[in-house]
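Examination of the molecular architecture
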Amino acid sequence: MLNNSSGRTSPCVVMNGAQRVLVATTAMLAFISFWRAAAVVLNDMGSSAFYAGAISEHFVGKTAPWFILAIMLLSYAVRAVYIESCSMFVRGGVYRVVKEAMGGTLAKFSVSALMFDYILTGPISGVSAGLYLVGLLNELLRHAHSNFILNVNWTAALFAGVVTVYFWWQNIKGIPESSEKALRIMYVTTVMVVMMIIWCVYTLWVRGAHLPPWPHLSNLVYSNDALGWLRHTSLPYTVGLIGVLVGLGHSVLAMSGEETMAQVYREIEHPKLKNLEKAGFVIFAYSLIFTAGVAFFAVMIIPDSVRNNFFDNPIGGLAMYLVGPLSVRLAFRAFVVVVGVLMLAGAVNTAIVGSNGVLNRVSEDGILPHWFRQPHHRFGTSHRILNLVVGLQLLTILLSRGNIFVLGEAYAFGVMWSFAMKGLAVLVLRYKQPGKREFRVPLNLKVGNLEVPLGLGLITLTLFALCLINLFTKQVATLSGVAFTIIFFGVFSVSERMTRKRATAHAELDQFNLEPGEDLTPDVLGVRPGNILVMVRNYNTLHNLGAVLDRADSHKQDVVVLHLRFLHGIGEYELSPEQLFSLEEQKLFTRALELAEKKGKPVHLAVAAATEKWDAILRAAQSLESSTVVLGPSPTKPVTEEARTAGLAWERLPDPKPQLTLEILFPSGQEHIFYLGPHTPRLTPKEIDLLHSIWLELSSDLAPQEIHHHDVVHFALNELRQELGNSQREEVLRRLREHLREIEDRRIPPS
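Quick caveat: nothing in here was measured; it's all calculated off a predicted structure.

1. Overview of the pairing of strand β10 (residues 660–665)
Most of β10 sits out of view: six of its six residues are buried. Covered by surrounding structure in β10 are Leu660, Leu662 and Ile664 together with Thr661, Glu663 and Leu665, the residues of both alternating faces. Judged from the four bridges that link them, strand β9 (residues 628–631) and β10 form a sheet pairing that is parallel. Directly across from Leu631, in β10, lies its bridge partner Ile664. Once the chain exits β9 it traverses helix α25 (residues 639–651) before rejoining the sheet at β10, and the crossover so formed is right-handed. Across six bridges, β10 lies against strand β11 (residues 671–676) in antiparallel orientation. For Leu665, the partnering residue across the bridge sits in β11 and is Glu671. Linking β10 back to β11 in an antiparallel pair, the connection comprises five residues, with Gly669 at a positive phi of about 105°.

Encoded structure:
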């Protein structure tokens, strides 16, 4: 399956008789909690705290913290845009949303610009981690009176390369491993953030505090490379709005990572949208406190005369100017470096995860050949896309030579244009697809029957304003970003034409590996005993799977999806794996997995060759140790006949026969439940009242002898058994038929 670097495979077993089994695996989603999803995104957004404030101050001076704060507040609004888009499309992101709203050409442009962001995010985070580490090592070497000093930029570049290769391998293995590491990184980071905030507040209380200068035009101090082509005009110095936009434009790298939230959305467990909202709030609150807090504390605590010496590791400099003994401050700086290296390295991972998800969406749509999506033979991940992304990131690290300001200046072209196009696309979809949404960006005014999405419009307008100001002020970003976008757009366009010429109409289907396997057992499918076996036969009639996913608790019970491939001749037992697993099965499983993504719950897929329907279903349920079998109604048999046939097939099973619940679900929501094998009957309230009234009457008549409800049932069943074995049998059957007709008449609603 097209994946977000998921390493958990969903086995699909093809059984041919009892001896031959074929296992097909796909990169099945490993659904994660909102905490893990937030951790993955925060490894990107939160990591910008280690460099965003310093880079912004390098360009616009001491007013930078106010711009960082404004950008973090803007990120909350952008988050709302992403949540609304996710409520419409599970496999969303910029590409899908822009294509639905404005067509394929603008979608390819948007995703081309976005890829520039992802290719830069990994290197800028990795290099920043290296700079923190090198800064600490050189500091320790100076305290040891050593003459050996590490080359700052090249050592940082080498470290960034090693980290990138490490997380490439982690993503090859899959997202469960990488999300677990992201969560652990956030645990450690949170400890450091709490310690830093407390210590900084204490330092300011001891020494006194002065807020950074308010961002008036008179307080803005632009560096030589801050204005780009606008340095030849007086606009940044005379027009307040232009000055503010310039400051914001040089601070937008503080909110990268929103697009990764859309990619990780596929992986969030049920209830998906609610969990996405929770993750979004955690991301916003954490990054606001951490990123904006570091920017303010650095300006307020580190002296102006030395602060520029710590632009490459501002939190390390902050640690050195807190109150307290030097040894304690050095120890805290070492802790900061360890945390910074971990978190910034995690941002490298997030960039890989996000770009992999984006290119998967592009490949799904036939823009890239489906060869890119072919799952890894062992881990089931889209390793070819990962190889491409990581290769470009390593090249970027090499070309930058570890210079954080070169990377910082080049950054933000892609992220801002992708944000702006996303906002515009969601705005267009408000009118193009005006249906209900589970979530809507707030501030929507009603003028008659017309809705005016004021909040969404203001967000989109702000994003485009920042895009335009960046075009004129960030020369490196504009030139490199435009060049990269044009190249990627050209590659996508050419690849799309070539792919569409060679591809079938089903190129968008998920990809599966086919390899020999063992018998159909819980171990083979990776499911627990007591699972639910859902029968599917047509990708247009998956209502029974949807109903099961709605009510199943995936933490307690697994869901197995089984499709039967009927064989009508002995010769068909020699079919090749590709013939057994045909295009029909591929399409069916693709739709089943899409439904599982939407519900946020995993499924395990199986296709079994069979000659008789119910024998195959019940033998599969017996082998898998299932507790429940769920299917849709038969197009040819009434429900009662299906249940009778299932009961006869159950009797033919070898011992020990399992107790099974059979559920037949209709598209209308109507359901019929039957029990196969010995089981406790489901008594209606009316039947329970009848039993209780008989017990009361007998208890009074038999006193002082003690009698229980089960004694009444036992006695009645013995009496019925005796009557069925003697001359009263026909009379009993006549009365029973009459009783059943009365019940059936009551079940049929009046016309």
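2. Structural notes on the nonpolar core
In this structure, Phe50, Met196, Met255, Phe290, Met416 and Leu463 are the most contacted members of the largest nonpolar core, which totals 151 residues. Contacts of Leu463, omitting those with residues within four sequence positions, involve Leu74, Val78, Met255, Met416, Phe419 and Ala420. Counting 29 residues, the second largest nonpolar core, distinct from the first, contains Ala616, Ile617, Leu660 and Leu662.

3. Side note on the layout of surface pockets
Rolled over the atoms, a probe as big as a water molecule pinpoints where empty space is left. Reported here for the largest pocket is a volume of approximately 2,600 Å³. Lining the largest pocket are 44 residues, with Leu683, Glu687, His739, Leu740 and Ile743 positioned closest to its centre. Elements that contribute at least two residues to the lining of the largest pocket include exactly α25, β11, α26 (685–702), α27 (709–724) and α28 (729–747). By residue number, the principal contributor to the lining of the largest pocket is α28, which donates eleven residues. Residue classes in the lining of the largest pocket are distributed as 26 nonpolar, six polar and twelve charged.

4. Examining the pairing of strand β3 (residues 444–447)
Summarising the sheet, β3 and strand β4 (residues 450–453) pair through four bridges and their orientation is antiparallel. Bridge pairing in β4 places Val447 opposite Leu450.

5. Notes on a nonpolar patch on the surface
A surface patch of nonpolar side chains, about 450 Å² in accessible area, is lined by Trp154, Leu395, Leu398 and Leu399. Among the elements that line the nonpolar patch, the one with the most residues is helix α15 (residues 383–400), at three residues.

6. Let's talk about unusual backbone geometry
Looking along the chain, the bond that leaves His270 and enters Pro271 is cis, with omega of -5°. As for its placement among the helices and strands, Pro271 is situated in the loop between α10 (258–264) and α11 (272–301). With an omega dihedral of 10°, the bond running from Ala703 to Pro704 counts as a cis peptide bond. In this structure, Leu443 takes a positive phi of about 65° despite not being glycine. As for its placement among the helices and strands, Leu443 is situated in the loop between α17 (413–432) and β3. Residue Leu443 is classed as exposed on the basis of its relative accessible area, which comes to 55%.

7. What to know about the pattern of salt bridges
Summed over the entire model, instances satisfying the criterion amount to 19 salt bridges. Note that Arg307 is salt-bridged to Glu57, the shortest N-O span being 2.8 Å. One end of the pair, Arg307, is in helix α12 (residues 304–307); the other, Glu57, is in helix α2 (residues 52–60), and 250 residues separate them in sequence. On the basis of relative accessibility, which here comes to 5%, the residue Arg307 falls in the buried class. Glu663 is the salt-bridge partner of Arg551, the closest N and O atoms lying 2.2 Å from each other. Placement of the pair is Arg551 in helix α21 (residues 543–551) and Glu663 in strand β10, with a sequence separation of 112 residues. A single network of salt bridges, built from pairs that share partners, joins Glu84, Arg430, Arg437, Arg440 and Glu451.

Rules of the game
Residues numbered from 1 in each chain as written. Predicted model: local features only at pLDDT ≥ 70, side-chain atom pairs only at ≥ 80, totals over all residues. Heavy atoms only, no water. Buried < 20%, exposed > 50% of the residue type's maximum accessible area, 1.4 Å probe, protein only. Helix = DSSP H or I, 4+ residues; strand = E, 2+ residues; numbered from the N terminus. Pairing = 2+ DSSP bridges. Right-handed = clockwise from strand over helix to strand, strands pointing away. Core = buried A, V, L, I, M, F, W, Y, C linked by side-chain atoms within 4.5 Å. Contact = heavy atoms within 4.5 Å. 1 Å grid on protein atoms, 1.4 Å probe; cavity = no way out; pocket = protein on both sides within 12 Å on 5 of 7 lines; lining within 4 Å. Points joined across faces, edges and corners; volume = space filled by probe spheres on them. Nonpolar A, V, L, I, M, F, W, Y, C, P; charged D, E, K, R; others polar. Patch = residues over 30% accessible without salt bridge, like charges linked within 9 Å, V, L, I, M, F, W, Y side chains within 5 Å. Areas by Shrake-Rupley, 256 points an atom, 1.4 Å probe, with all protein chains shown as cover. Salt bridge = Lys/Arg side-chain N within 4 Å of Asp/Glu carboxyl O.

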